[in-house]
Amino acid sequence: MTEHRILRTAILLGMVLCASRVNAQKVELSLDASTAGAKIDRNIFGQFAEHLGHGIYEGIWVGPDAAIPNTRGIRNDVVTALKALKVPNVRWPGGCFADEYHWRNGIGQQRAVTLNPNWGGVIEPNTFGTREFMDFIEQIGAEAYISVNMGSGSPREAAEWLEYMTAAQPTTLAKERAANGHPAPYKIGYLGIGNESWDCGGNMTPDYYLSQLKIYSRFVRNFSPAQLDKQQMLKIAVGPGGGEPRWTEWTQAIMKAWQQHTWSWDINGLSLHSYTVGKWPPAFTSVGFGEDEYAEILKSTVEMDELIAKHSAIMDQYDPQKKVALVVDEWGAWYARLPGTNPGFLVQENSLRDAILAALNLNIFARHADRVRMANIAQMINVLQAMIITDKEKMVLTPTYYVFKMYVPFQDATFVPVAFNAGTYRRDGITVPRVDAIAAKDTNGKLWLEITNVDPGQAVEFEATLTGFRAKSAAGETLTAPKVDSVNTFKEPDTVAPKPVSVEIEGSKLKLHLAPKSITVISVQ
Ligand code: AHR
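Rules of the game
Residues numbered from 1 in each chain as written. Predicted model: local features only at pLDDT ≥ 70, side-chain atom pairs only at ≥ 80, totals over all residues. Heavy atoms only, no water. 1 Å grid on protein atoms, 1.4 Å probe; cavity = no way out; pocket = protein on both sides within 12 Å on 5 of 7 lines; lining within 4 Å. Points joined across faces, edges and corners; volume = space filled by probe spheres on them. Helix = DSSP H or I, 4+ residues; strand = E, 2+ residues; numbered from the N terminus. Nonpolar A, V, L, I, M, F, W, Y, C, P; charged D, E, K, R; others polar. Phe/Tyr/Trp six-rings, centres within 6.5 Å; stacked < 30°, edge-to-face > 60°. Buried < 20%, exposed > 50% of the residue type's maximum accessible area, 1.4 Å probe, protein only. Lys NZ or Arg CZ within 6 Å of the ring centre and 35° of its normal. Core = buried A, V, L, I, M, F, W, Y, C linked by side-chain atoms within 4.5 Å. Contact = heavy atoms within 4.5 Å. Patch = residues over 30% accessible without salt bridge, like charges linked within 9 Å, V, L, I, M, F, W, Y side chains within 5 Å. Areas by Shrake-Rupley, 256 points an atom, 1.4 Å probe, with all protein chains shown as cover. Salt bridge = Lys/Arg side-chain N within 4 Å of Asp/Glu carboxyl O.

### Observations regarding empty space enclosed by the protein
Part 1: Within this structure, the stated rule accounts for two cavities of 30 Å³ or more.
Part 2: In this model, the largest cavity occupies a volume close to 70 Å³.
Part 3: Listing elements by their share of the lining of the largest cavity, those giving two or more residues are β8 (143-148), β9 (190-193), β10 (234-237) and β11 (269-276).
Part 4: Along the lines of polarity and charge, the residues of the lining of the largest cavity split into seven nonpolar, seven polar and three charged.
Part 5: By volume, the second largest cavity amounts to about 30 Å³.
Part 6: Considering only residue class, the lining of the second largest cavity consists of four nonpolar, one polar and one charged.

See below:
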């Protein structure tokens, strides 16, 4: 570029920036940092990894002999990336796959080769089994959330799996675990009792499911000495998959039974599955879309709030003390599969829209933190709304990955209510709140604010008035991109990556400029 062209480009850029500031909407927010809400449980940042497509095989597991750098068969690049997210828990082995998974196929030297009829009918080599999963979560520093097979398994099979994993005494199963390389009992943080038992998990009625639930809850025991008193394994029952009467009746039935439960069984959580699809079967494209589809998908995603409120209200009738958590253990965007991919592999792109969608959902969970104490985005790698996409030795971090990274400080922080009115963003009769925001205080006393500017056309001049907190310094990061459907690719991995943002402090006010279609996290101390 000549000097003249550089100057002209700089002037043009300056003009665009000034124009965006002139057009910017002013949004004022206020908060009182001394008002404490519920703890935002770190488990709402959980992940879901199913034996589906390239989620496990290639995404996590390449085998110890692979040319791709690995530790005992688990990809090093993926582990390094996930460690930065401080992933609290990983749900495994499914999903629908869990109800056809027989754990004995995935232990020992000789693994049975089976099929994966749910997801493309492909060969399941079972080379990634109990030991490999537990190794993986240990490498990334997460807890295990195991979904046991209620559909085609039995209480005995599930009970034996738990004994195999957790018994410390020299039972035959514990000795088998030791012979397979792990003498010490594993710690299993969470137990999922069935998966979508109203549908792919066996199309059960609430009554039939309840009769099974009581048996599994009673007999599938965790024997780990470390978990007998403290850190007990939490049991999660199958919950609703939507807001229609079929689902509200399901929640009623389980919660009513729980209210009357005897000493012999119990649950600590009720799951909720809700994907942002727009329409079923998934037809929205994950890339190459315009503002109409952007608005439609975001409108559909914020319905999560109403869905949670609806089921929480039912739970409140039977459990006003909120002992049973609502566990949103499958959520995220589900779009049309990418052309040329196996229909059973659920392969889609991940764009800036997905980053905004993730932020809006995480904020909804945070606002319901008293009841929503766990959530698992679907799915961790290469499937649906993934954190990471791999292709053989290559790996790229998605816009959704960066949102999870920016939100790390919110893990276990205390929710601080905020008040603001930013109006709505409208597109073709669709309205979505223009701005969303949450705040929280971490254990070191730092204040954290997240602000999402949903509007793809207008920037926001944002001003926050703080009471109960003296701001001395503030810093932050923002995630945006040129287009609503911008993605990161192997060749251009940083198109959607966080950049520093400057924050001004004026007395009790914080001021910052929010770019259109952006996610910003700032810390104040
Ligand atoms: O995440 C993909 C599938 O969606 C899961 O296997 C199932 O539980 C849900 O229907």
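Having seen the model, we can carry on.
### A few points about the packing of aromatic side chains
The geometry of an aromatic ring pair comes down to the distance between the two centres and the angle between the two planes.
Part 1: Here the structure, examined in full by the defined rule, presents 21 aromatic pairs.
Part 2: Relative to F133, the ring of W92 has its centre 4.5 Å away and its plane inclined at 10 degrees; by these criteria the two rings are stacked. Of this pair, W92 sits in strand β5 (residues 89-92) while F133 sits in helix α3 (residues 130-140), placing them 41 residues apart in sequence. The pair formed by W92 and F133 is uniform in burial state, with each residue classed as buried.
Part 3: Residues W103 and Y164 carry aromatic rings whose centres are separated by 5.1 Å and whose planes lie at 40 degrees to one another, so their mutual orientation is tilted. You can see W103 sitting in the loop between β5 and β6 (114-116) and its partner Y164 sitting in helix α4 (residues 155-166), a full 61 residues away along the chain. Accessibility assignment for this pair places W103 and Y164 in one class, buried.
Part 4: Joined through ring pairs, the aromatic side chains of W61, W92, F97, Y101, W103, F128, F133, W161 and Y164 make up one cluster.
Part 5: In this structure, R91 packs its charged tip against the face of F48, placed 4.7 Å from the ring centre.
Part 6: Seen from the ring of F289, R353 lies directly overhead, with NZ or CZ sitting 3.5 Å from the centre.

### Considering the nonpolar core
Part 1: L82, F133, F136, Y209, W331 and F365 are the most contacted members of the largest nonpolar core, which has 133 residues in total.
Part 2: Per-element tally for this core: the top contributor is helix α10 (residues 352-367), with eleven residues.
Part 3: Excluding residues within four positions of it along the chain, F136 makes contact with I60, I74, V79, L82, F128 and M380.
Part 4: Among the nonpolar cores identified, the runner-up in size contains 25 residues, and L31, A33, L447 and V501 belong to it.

### Quick notes on a nonpolar patch on the surface
Part 1: A grouping of V113, L115 and I123 is seen on the molecular surface, where their side chains present a nonpolar patch of about 310 Å² in accessible area.
Part 2: Tracing the backbone through its elements, the reader meets I123 in strand β7 (residues 122-124).
Part 3: The class for I123 is exposed, based on a relative accessible area of 53%.

### Observations regarding unusual backbone geometry
Part 1: Here the residue pair G94 and G95 is connected by a cis peptide bond, since its omega of 20 degrees sits within 30 degrees of zero.
Part 2: Following the sequence through the fold, G95 ends up in the loop between β5 and β6.
Part 3: P281 follows W280 through a cis peptide bond whose omega is -5 degrees.
Part 4: Relative to the elements of secondary structure, P281 occurs in the loop between β11 and α8 (291-301).
Part 5: Backbone geometry at K517 places phi at a positive 40 degrees, although glycine is not the residue there.
Part 6: When you line up the elements, K517 lands in the loop between β26 (509-514) and β27 (518-524).
Part 7: Taking relative accessible area as the criterion, K517 reaches 10% and is therefore assigned buried.

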